[in-house]
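Chains, contacts and geometry: an overview
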Amino acid sequence: MPPSPDSEPALEPPGSAVTTATSILERPAAHDPWAPAPPDRLSAYIRWIPLGIAAAFVHLLSAWALIALAVACAVFLFVRVVHSRRTSSTPVDWAACLAAADVLIATALLGRAVAPFAAVWLVVQTLPLPARVKLDRAQRLLEHRLAAVVVGAAVTVLLFAFPAIPGRVLLGPRYTDAGWLLLVYAAATVLRRVVAAAAEELSPAKGVRPRTVVIGMLLAHVGCVLGFGPSPVSIVVAGFLVTFATVAVLSLRLLTPGPVTQQLKPPQNLWGLPPVNVVAGLTVIALAVRLLVDRGLWVDEAISIAQVKLPFAQMIDQLRNEDIHPPLYLSMLWGMVRAFGTSPIAVRLPSIVAGTLLIPLLYVTGRDIYDRRAGVMAAALGTFAPLLVWYSQEARMYALLLLFAVAALWFQVRAVRNGRRLDWIAFGVCSAAMLWTHYFAVLQLVAQVGALAVLAVRRRREGESLRPLLDGWALSMAVLLVLLAPLAPFFRHQLAFSDQLSGLDVPARNPELQGLSIYAILANLVWALWGYHSEGLMRQIVALWPLCMLFVLFLLGRGRARVTWLLAGAMFVPLIVLFVASLRLRDLFEVRYFITAVPAALLLIAHFVTRPGSRRFATGAAATVLLLSFGVGLVDQQVSPSNPRRYDFEGALTYVRDNAKPGDVVLYAPRYLEKVVEYYAPDVKARPLIRGPIHGNRTFVLSSMELTDQVESRSRVQLLINQTASGRHQIAEVRRDRIHVQVFR
Amino acid sequence: MKVDPRLAEADRPAVINGVDASRRVRALLLVNIALAAWYFLWLLHPDRVGHPVLYGLLVGAEIFNLVQAAGFWWTCVAARDRPRRAPTQSLAVDVLIPTYNEPPDVVEPTLAAACRLRWPEVRVALLDDGGRPEMGALAARYGAAYITRESNAGAKAGNINNALSLTYAPYVAVLDCDHVPDERFLEATLGPLEDEDVAFVQTPQYYANADRGVAAASWAQQALFFGPIARGKDGLDAMFCCGTNVVFRRAALEAVGGFPQESVTEDFELSLRLHEAGWRTVYVPDVLARGLAPEDMGSYVTQQFRWARGCVSSIPRILRARLPMRVRVQYLLSSMFFMSGWTLVVYMAMPVIRLLTGDQPIEATTANTFLLHFAPYFLAAISTVAVAGGGAYTFEAFALVAATWWIHVAACVAALLGRAGRFKVTPKQGAAGRQTAVMLPTLVTIGILLTAVLWGLERDHGPATLNNVGFAALHIAVLLRGAWPALEGERG
């Protein structure tokens, strides 16, 4: 009788992908025919030291000699790593190989000034943990990943705490321009070690050729550097992008299932390694990326700071009477400010932490809803999703809202599947926390409750017992109601006073996007995934809307799982409700207000990319394209001065503060710039630009037309500026990102 | 040894698309009508006319697809979930298995299963148009009759007609030689035939090898047809015969002179004649036989071209036929589906022309509102397909139809020129290796689109150009996905 295809594992051909991958961590090294003997890690480490020392002396050589040395070393390294794989190569070799080549490229291109850096950096990158000398293979891999995370986190924190050290002291003045990008470079260093572990692990199991990885990375790196121009910044960015792309490909390679028949096996057999390490690495990177903020505070953040500077009771009172946001976030910020002060980083810390915690949360949510591959993919997407990064760097409530929103989804799925009382309670708590953070969270809650209702109807139709579901649901709703009870009178009071308020947050749209045009809708949707970009770029991206049809068509035949409809609901309900509401109140269709749809969208995308049955090539290609597009979007959003959401109040007000003297008058428009002016120029006497006499030696007018959202108001502000200018001479003018300072005498 | 997927019990659905889609589609119907009106009222406004010829072509293509979509909605809404009916009589059945050049390992499981059918009086006959001795031996081994003939006139239709003249049972079951019947096949289909006016009972063509590639996409297309569409046709008494997994009343066949031999889609033409003669037809959605989908692109193209050629040629005949209006429209909808490749030509030509010449169908100043009107209609229409098909219709199925647009064009041209069609047997086993030659028209199309994209980007990066680049990229992606199984070089 012919064997059944499901009757493995006995029928599995020896050395097949799954068998081998699974066995890597289980088999003792002695039984592994290709595994090296337990290595002496210290010697493996020490043999790279001479290279570091040699690199320290390269400044004595000419440029041609440097290049020749770089080539020779690269060839030597390739040969060494490729040919020694079966004997004594370790992840440390891999990391050293990549690091050394990287350093040599940088030295060859930038010259001798960076030579001392070569030696130090090489040592840092190859640093093993001080642990036992002899390790078996599994321990070595685990240790290596730990080293990646620990060293990466330490370097990241050090760079963050002492940004001047690497830039000026260690690397010299040439790297001053690189500035905060060195954080990114540190992240790339961490990733290199992950690459090393992944490549080593994959080499026998999934046919990844180490040589291909090394040569591919270096060629891509050199190509990027040449493409961007041989500057320190380009080397740093190229190092990051190339390393990141390689990690994306290798990780997906690790996570991609084999052919369909293999998927019938238990899911743990599909994994070559526990993805927890990948997620830990991603979390470190997420932290680094979120700490990498160089923009000053903007209006809303300054308003938050002004609010939390008040005594607690007064702050709550002001919130109740003059604001339209719930108090949870500001209460947390109030405590944070008392502990760490009101520096930009201190007030943004809650958002940075929440935005970083979102990464492991996305992983566990994706893992529990679909599988681990989807979880890792969602975490990877979340790490680099530009909008998530943006709001993780803003002293507002959106990062916290995202954290609670994803947690609510996670606990709901767990509760429905497990029926555990604790999960139902957690679902209720997270839902309440969402609403205590932002009232628009009610839209996701509607979707989640709707999903429960649909589930109940289906279960009833299918004759299943409804009791556990209804009991759990009732419990979570009871928790929710109890927790929301104090918020209800607060909200009612705010609502009663809301007629007197100007609106929600300060409008942050482009003037060009005013009105609910199809362009505005699409622009918001593009922002949701790829972040904020210049007006011209947005018009070009939006023009590519036919590709959305491709996405819609691609969905045909997919997403039949019920839980997919929960995520789809969490994504579409806020969008649709706000769209309909915006037909009356146009400002409502704004990406910030439906930001809870973004993680749901990322989870869905992660599922579609990594779904079982998809081909390796398709999965790898889709993941790489997506992650690279996120990476490019992120870089453009973070560094491009044409990002319409960047307002350089810090620069403009520093100018005013440094130049305004007693007797000068400082005017600003629109009037809600008050708090940001107070924050950056607290000692300057400033008032809104209004009609009336101006008495003073010089008049500083600070204005932002982009923040003046209506054409009429813009005309009015311009009129007032013209009136101020009449009879005076303009003696200076400073333009910062979307902020204009004029000085009249 | 590879297990024949037709014999594996796992994953076999009991019913094709068991979801009752009619209620859901009915709910979506009003939305579809409203959004179609929203779009077409905008499109047909005189202010929209850009380049008159291009505009005319675009409107023509859109109206054609609207008619197809409306026909689909109507069919789905009319879906009937027929109660199963057990037979009360036990009249004799002849089971005919026509074959021409298929290998014995394809035919044998079918023959073996046919000989195991649960029914008091079953006579199985292997109709071998290839005259192969090994088939004779195979039939003898299973105790089946072996029927062959001197010439192959009339191909499959002629083969069956020949067998009809040699057999006499009141019911005749026809099974393609790759379709392995379930032992309940006759018990599940003979009940409705006890109504004297029922000519045949059709059951789905289930593909057991549809795990990937062309076979999977092909099955997704079949699943949509044998799901909501066939149920709808049954509800409208307009179900036509699909050539296999069907049981006929011999009297009905004889009344219309047997299988028509002049058409390459003899089953379609036969159904038309039966309906014209006043016979009723019945569809039972239970999966009662498991067959093989075309595994490679060459087989798929052969199959689709034959269907397209036959159905398009039938259009004049349908227009002349004496049929109730609903039945006539159903036949027309099915036949005209094979003209939809022309609309793809129009859609693909628009961005190319815009990028190369600057001419566009919609007037430029109003083009920016196109999306606002088109997107809701498009989304609703796609959602309806997804809902009606219960998720069975996939992107890969859509891409495969799109990538073989030229089959429809070639079939229409052949029909217009009046060239006689030849019955080509669909290969039952896939060919190994790349099949780039088969997909040459698709590859040329991709090349043209790509050239237009590069040309356009070379000249301009404005939103208008990028919008057309987006359309061209959409077409390129869909065509590539559809052609991928042929380019990949793997079997099926």
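Predicted model, so just to flag it, every value in this text is computed and none were measured. (Residues numbered from 1 in each chain as written. Chains lettered and ligands numbered in written order. Predicted model: local features only at pLDDT ≥ 70, side-chain atom pairs only at ≥ 80, totals over all residues. Heavy atoms only, no water.)

The next thing to look at is the overall build of chain B. Within chain B, the regular secondary structure consists of 19 helices and ten strands. Once the C-alpha set of chain B is aligned to its principal axes, its extents read approximately 75 × 45 × 45 Å. Here chain B holds 492 residues, and the buried ones make up 59% of them. Within chain B, counting contacts between residues at least 6 apart in sequence, those at least 24 apart form 83% of the total. (Helix = DSSP H or I, 4+ residues; strand = E, 2+ residues; numbered from the N terminus. Buried < 20%, exposed > 50% of the residue type's maximum accessible area, 1.4 Å probe, protein only. Contact = heavy atoms within 4.5 Å.)

Before going further, it helps to examine the overall build of chain A. A count of helical and extended segments in chain A gives 32 helices and five strands. Counting every position in chain A, which comprises 745 residues, the buried fraction comes to 57%. Total accessible area on chain A is roughly 30,500 Å²; 66% of this is exposed by carbon and sulfur atoms. (Areas by Shrake-Rupley, 256 points an atom, 1.4 Å probe, with all protein chains shown as cover.)

Another point: the confidence of the model for chain A. Close reading of the predicted structure is inappropriate where its pLDDT is low. All names here are of chain A. In this model, chain A carries an average pLDDT of 73, and 59% of its residues clear a pLDDT of 70 or more. No element of chain A has a lower mean pLDDT than helix α1 (residues 17-23), at 32, and none a higher one than helix α18 (residues 386-392), at 96. Note that residues 254-273 has pLDDT below 50 and, in this model, 43 contacts with residues that lie over four places away or in other chains. (pLDDT = per-residue confidence, 0-100.)

Here we take up the sheet that holds strand β7 (residues 206-207) of chain B. Residues and elements named next belong to chain B. Here three strands make up an open sheet; going across it, the order is β5-β10-β7 and the pairing mixed. Each having just a single partner strand, β5 (180-181) and β7 make up the two edges of the open sheet. As paired elements, β7 and strand β10 (residues 289-291) share two bridges and run parallel to each other. Considered in β10, the bridge of Y206 is made with R290. (Pairing = 2+ DSSP bridges.)

We now examine the interface of chain A and chain B. Between chain A and chain B, the contact holds 23 residues from the first and 34 residues from the second. Summing both partners gives a buried area of about 2,600 Å² for chain A against chain B, and 75% of it is carried by carbon and sulfur. Remark: the boundary between chain A and chain B carries zero salt bridges. Remark: the boundary between chain A and chain B carries four residue pairs in polar contact (both at pLDDT 80 or more). Those elements giving two or more residues to the side of chain A that touches chain B turn out to be α24 (518-530), α25 (535-543) and α26 (546-554) of chain A. The element best represented in the side of chain A that touches chain B is α26 of chain A, accounting for seven residues. By residue class, the composition of the side of chain A that touches chain B is 16 nonpolar, two polar and five charged. (Buried area = accessible area lost by both parts, 1.4 Å probe. Salt bridge = Lys/Arg side-chain N within 4 Å of Asp/Glu carboxyl O. Polar contact = N/O pair within 3.5 Å; in protein donor to acceptor, adjacent residues only side chain to side chain. Nonpolar A, V, L, I, M, F, W, Y, C, P; charged D, E, K, R; others polar.)

This part covers the sheet that holds strand β8 (residues 246-249) of chain B. One key point about sheets: their strands pair by backbone hydrogen bonds, in either a parallel or an antiparallel sense. All names here are of chain B. Read across the open sheet, the seven strands follow the order β3-β2-β1-β4-β8-β6-β9; overall the sheet is mixed. With one partner strand each, in any of the chains shown, β3 (145-147) and β9 (280-283) form the two edges of the open sheet. Ignoring strand direction, the axes of neighbouring strands in this sheet form an average angle of 20°. Of the strand pairs in this sheet, strand β2 (residues 122-128) and β3 are connected by three bridges, and their pairing is parallel. Across the sheet, residue A125 finds its bridge partner in β3, namely A145. (Axes fitted to C-alpha atoms, helices over the stretch in contact; angles between N-to-C directions.)

Using the criterion set out here, one finds 38 aromatic pairs over all chains in the structure. Pairing W545 of chain A with F370 of chain B gives two aromatic rings, centres 6.0 Å apart and planes at 40°, and the pair type is tilted. Of the two residues, W545 of chain A is situated in the loop between α25 and α26 and F370 of chain B in helix α15 (residues 370-388); the pairing between them involves two chains. As far as the burial class goes, W545 of chain A and F370 of chain B line up, both buried. Linked through ring pairs, W545 of chain A together with Y39, F40, W42, F370, F374, Y377, F378 and F471 of chain B together constitute an aromatic cluster. The positively charged end of R295 of chain A is found above the aromatic ring belonging to W390 of chain A, 3.5 Å away from the centroid. (Phe/Tyr/Trp six-rings, centres within 6.5 Å; stacked < 30°, edge-to-face > 60°. Lys NZ or Arg CZ within 6 Å of the ring centre and 35° of its normal.)

Glycine aside, residues mostly have negative phi, and peptide bonds are mostly found in the trans state. The step from A669 of chain A to P670 of chain A runs through a cis peptide bond, and the omega angle for that step is 0°. Among the structural elements, P670 of chain A can be located in the loop between β1 (665-669) and α31 (674-680). The phi angle at A155 of chain B is positive, at roughly 50°, despite the residue not being glycine. With phi around 55°, D237 of chain B is a residue other than glycine that occupies positive phi space.

Quick look at helix α13 (residues 340-357) of chain B now. All names here are of chain B. Taking 1.5 Å of rise per residue, the 18 residues of α13 would be expected to cover 26 Å, and the 26 Å separating its terminal C-alpha atoms lies within 8% of that figure. At A349, α13 shows its maximal kink, close to 25°; a proline, P351, follows between one and four residues later. Where α13 terminates, the next one or two residues include G358, which has phi positive at roughly 90°. (Expected span 1.5 Å × (residues − 1). Bend = angle between axes of the 7 residues up to and from the residue.)

A few words on a nonpolar patch on the surface. All names here are of chain A. Taken together, F572, I576, F579, V580 and L583 make up a surface patch of nonpolar side chains, about 470 Å² in accessible area. Along the chain, F579 falls in helix α27 (residues 562-582). A residue is classified by how much of its surface remains accessible, and F579, at 31% relative accessible area, is partly exposed. (Patch = residues over 30% accessible without salt bridge, like charges linked within 9 Å, V, L, I, M, F, W, Y side chains within 5 Å.)

What follows covers the environment of R212 of chain B. Residue and element names in this part refer to chain B. For R212, the position within the fold is in the loop between β7 and α7 (213-235). Given a relative accessible area of 29%, R212 falls into the partly exposed group. For the pair formed by R212 and P485, sequence separation is 273 residues and the distance between their alpha carbons is 9.1 Å.

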